[in-house]
Amino acid sequence: MTKHLHIKTFGCQMNERDSEIMEQLLAQHGYIAGADAEQADLIILNTCSIRAKAEQKFFSLLGSLRQEKRRRPGLRIAVAGCVAQQEGERIFERMPHVDIVIGTQQIWRLPELLQRLEQGKSKRETACGLDKHFVIPPFQKLLRSTPALPEFRKFVTIMQGCDNYCAYCVVPTTRGREISRPVADILEEAELLVSRGVREITLLGQNVNSYGTTNPVAEQPVSFAELLKMTAAVPGLRRLRFTTSNPQDLSTELMQCFAALPKLCPHFHLPVQAGSNTVLKQMHRKYTRELYLEKVDELRSFRPDIALSTDVIVGFPGETEADFEQTMSLLETVRFHGSFSFKYSDRPNTRSAAFPDKVDEQVKSERLERFQARQDEISLERNRDFLGRSVEVMVEGRSESGVQGRTGSNHIVHFAGPDALQPGDLVMVTINHAGQHSLKGELAAHEK
Ligand code: SAH
Ligand code: SF4
Ligand code: F3S
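Since the model is a prediction, treat every value here as computed from it, not as a measurement. (Residues numbered from 1 in each chain as written. Chains lettered and ligands numbered in written order. Predicted model: local features only at pLDDT ≥ 70, side-chain atom pairs only at ≥ 80, totals over all residues. Heavy atoms only, no water.)

Summed over all chains, the structure comprises 34 salt bridges. Put simply, Arg153 and Glu396 hold a salt bridge, and the shortest N to O gap is 2.7 Å. Of this pair, Arg153 sits in strand E7 (residues 153-157) while Glu396 sits in strand E15 (residues 390-399), and the two are 243 residues apart along the sequence. Given the relative accessible area of 16%, Glu396 is considered buried. The salt bridge involving Glu381 is made with Arg335; its shortest N-O contact spans 3.0 Å. Here Glu381, found in helix H13 (residues 361-384), pairs with Arg335, found in the loop between helix H12 (321-334) and strand E14 (338-343); they are 46 residues apart in sequence, far enough to count as distant. Here Glu381 falls in the partly exposed class, since its relative accessible area comes to 30%. Overall, the relative accessible area of 25% leaves Arg335 in the partly exposed class. Where salt bridges share partners, they join Arg17, Glu20, Glu151, Lys154, Arg181 and Glu189 into one cluster. (Salt bridge = Lys/Arg side-chain N within 4 Å of Asp/Glu carboxyl O. Helix = DSSP H or I, 4+ residues; strand = E, 2+ residues; numbered from the N terminus. Buried < 20%, exposed > 50% of the residue type's maximum accessible area, 1.4 Å probe, protein only.)

Have a look at this one:
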């Protein structure tokens, strides 16, 4: 019998990927994805716990489903992702209308848990084990084969979990120990995607630079730089990206790839988190401000036009005004093209949750505002450097103002273009207007 599935995904691309896997697993058991929550037989909330706000958002949505469950007792509600891993069975206490809580390494068991419920073997199911020897299943076999729209870019997971234990971060406890995916699986997935029309691939992991150094240890471990070269060699692939890197493991071998691999896009997301060495140490980040700046210089020596973006946390416990000034001055020195900045929030099972000297909410908000205001100015100044330049743009789709695309440096570009332009096409655009968050230009010539 056909059943209808509604999946709501919070958080990062890891979760997006897991949602896709669950969707495909369930498709084999008669579930059709894409239903509205009101029509669905099964609702899966795939949750994120990275900041307090993310978790609150999920709990308020889950709370609002209580009515729906009352109205339709046959509805099943499953909670997956990082909050599921973190809270386990406690979710049932707060939210008794939930049927399944499933952890981040257990999504493969979802059909089995549903079946147990259907057969009346239990009233509720939980599967939240985390195994440090977990082997990522060869899920490339499960890739969506008939998407509604042909996809022109995809993320390919290369590792799960994280061993860094930054003092503020839930990921090592919600995703488990760092585990690398076998090279053969990654390349098989990349080749499959490209054969289906994908033109851009982003290799994905919390800590991609240490790829290959963690389970399963291959007989001949492959470094991340080698993996990049192998993926870049997939015929038909036009663009290659990766995320996220940790500055401490950023090798010269990896930086050289930006000079050696034309498909590797000139954009690097390198989270710094803070500019003060005292704060970095408290955060348990294993690099100094000086080392970070050296890495930035070295990267630019290999690819002078590389666009850098970063993540910043303001108001980490103990952060003084002078510490925060160090973050501001680092921003002035590097002049990031863009950044994601967040107010620190305490998270369960993290060390910094127990640190004294919490920074006042008001002070955090002021610092965040100052940082973002200056970043916006710098982004605009940097975007103006594009004026008059002709850049390669990959078409993403249509917007109100015409065609929307993206440069290799990850800048969004709007321009007028013929209807024949399809997502994934590469065109040259001459930039004639620079805004804070995007560029505008004129189409020069295009190849298919
Ligand atoms: N693996 C990546 C980041 C993953 S989490 C890395 O190591 O850089 C994404 C971002 O969320 C982090 O870079 C950090 O800036 C932010 N973040 C993580 N925990 C946080 C917390 N407790 N409070 C505020 N921001 C947090
Ligand atoms: Fe979290 Fe740090 Fe791991 Fe990034 S490197 S996921 S911030 S513990
Ligand atoms: Fe959120 Fe978990 Fe990703 S906490 S950011 S969904 S790894």
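Pairing is parallel across the open sheet formed by 3 strands, whose spatial order is E7-E10-E11. Each of the sheet's edge strands pairs with one partner strand only, and the pair in question is E7 and strand E11 (239-243). Strand after strand, the sheet turns through a mean of 25° between neighbouring axes, direction not considered. Relative to strand E10 (residues 200-204), E7 runs parallel, the two sharing 5 bridges. Bridge pairing in E10 links Val156 to Leu203. Along the sheet, helix H7 (residues 183-195) makes contact with E7 and E10, crossing E7 at roughly 170°. Contacting E10 and E11, helix H8 (residues 224-232) runs over the sheet at an angle of about 150° to E11. (Pairing = 2+ DSSP bridges. Axes fitted to C-alpha atoms, helices over the stretch in contact; angles between N-to-C directions. Contact = heavy atoms within 4.5 Å.)

Summed over all chains, the structure comprises 12 aromatic pairs. Taking the centre distance of 6.3 Å and the plane angle of 75° together, the rings of Phe10 and Phe58 count as edge-to-face. In this pair, Phe10 sits in the loop between strand E1 (3-9) and helix H1 (13-27) while Phe58 sits in helix H2 (residues 52-71), placing the two residues 48 residues apart along the sequence. By relative accessible area, which is 0% here, Phe58 ends up buried. Plain terms: the ring middles of Phe224 and Phe242 are 5.1 Å apart, the flat faces sit at 80° to each other, and that makes the pair edge-to-face. One end of the pair, Phe224, is in helix H8; the other, Phe242, is in strand E11, with 18 residues separating them in the sequence. Residues Phe224 and Phe242 agree in their burial class; the two are buried. (Phe/Tyr/Trp six-rings, centres within 6.5 Å; stacked < 30°, edge-to-face > 60°.)

Just geometry here; none of it tells us what the structure is for.
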